[in-house]
Amino acid sequence: RRDPATAPTTWPECAETDVVLRHHGAHAIFVDASTYGHAGCFQNNCKLTDKFNAVDPGVCARLCAEVDECHFWSFGLQGGSKKCFLRKSDDGREVAR
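Only a predicted model underlies this, so the values are computations on that prediction, with no experimental measurement involved.

Draft legend 1. Representation of the side chain of His27 in the model. Relative to the helices and strands, His27 is located in the loop between strand S1 (19–21) and strand S2 (51–53). The class for His27 is buried, based on a relative accessible area of 11%. Only 2.8 Å separates the side chain of His27 from the side chain of Ser89, close enough to count as a polar contact. Those residues in contact with His27 that sit more than four places away from it in its chain are Arg22, Leu86, Arg87, Lys88, Ser89, Asp91 and Gly92.

Right under this line is the structure:
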């Protein structure tokens with residue numbers, strides 16, 4: 001786990017590899033991501049979602065920077081699609097497999 005006091009806060013320096021931030025019912029934030037993604041959203045609703053399809057991790061960084069509650073995000077494959085996952089904490093941190 002990175003020390004928040006010394007971790008970079010700007011993209012792309014803030015990116016970590018091989019890390020996934022699991023939802024575990026408490027860490028996800030649900031936002032209107034319809035202007036960033038129109039597919040792959042939670043229950044197919046991009047107006048209230050914690051994940052969405054994205055072409056690259058920069059999309060995740062930009063949306064998270066615009067949402068006050070978003071402090072962490074991850075980017076990875078789910079169901080064969082590249083997705084952003086928005087989180088308010090990194091308590092669900094695990095090594096990606």
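Draft legend 2. Region of the structure containing the sheet that holds S2. Strands sit in the order S2-S4-S3 across an open sheet of three strands; the sheet is antiparallel. The open sheet terminates on both sides in strands that have one partner only, identified here as S2 and strand S3 (72–78). Recorded for the sheet is a direction-independent mean angle of 25° between the axes of neighbouring strands. Across three bridges, the pairing between S2 and strand S4 (residues 81–87) is antiparallel. Looking at S4, one finds that Phe52 is bridged to Cys84. Its contacts with the sheet place helix H1 (residues 57–66) against S2, S3 and S4, and it is angled at close to 150° to S3.

Draft legend 3. Just the environment of Val31, in detail. Counting through the fold element by element, Val31 comes out in the loop between S1 and S2. Exposure remark for Val31: the relative accessible area of 12% places this residue in the buried category. Each C-alpha atom, one on Val31 and one on Thr10, is 21 Å from the other, the two residues being 21 residues apart in sequence. If we ignore the near neighbours within four places in the chain, the residues touching Val31 are Cys46, Lys47, Leu48, Thr49, Leu63, Val67 and Leu86.

Draft legend 4. Molecular detail of the environment of His71. Assignment of secondary structure puts His71 in the loop between H1 and S3. Here His71 falls in the exposed class, since its relative accessible area comes to 53%. Not counting chain neighbours up to four residues away, the residues in contact with His71 comprise Cys64, Arg87 and Lys88.

Draft legend 5. Focus on the packing of aromatic side chains. As enumerated under the stated definition, the model contains one aromatic pair in all. Judged by centre distance (5.5 Å) and plane angle (65°), the ring pair of Phe30 and Phe42 falls under edge-to-face. Of this pair, Phe30 sits in the loop between S1 and S2 while Phe42 sits in the loop between S1 and S2; the two residues are 12 residues apart in sequence, bridging distant segments of the chain. With relative accessibility at 35%, the residue Phe30 sits in the partly exposed group. Relative accessible area serves as the criterion here: at 32%, Phe42 is assigned to the partly exposed category.

Quick notes on the rules
- Residues numbered from 1 in each chain as written.
- Predicted model: local features only at pLDDT ≥ 70, side-chain atom pairs only at ≥ 80, totals over all residues.
- Heavy atoms only, no water.
- Helix = DSSP H or I, 4+ residues; strand = E, 2+ residues; numbered from the N terminus.
- Buried < 20%, exposed > 50% of the residue type's maximum accessible area, 1.4 Å probe, protein only.
- Polar contact = N/O pair within 3.5 Å; in protein donor to acceptor, adjacent residues only side chain to side chain.
- Contact = heavy atoms within 4.5 Å.
- Pairing = 2+ DSSP bridges.
- Axes fitted to C-alpha atoms, helices over the stretch in contact; angles between N-to-C directions.
- Phe/Tyr/Trp six-rings, centres within 6.5 Å; stacked < 30°, edge-to-face > 60°.

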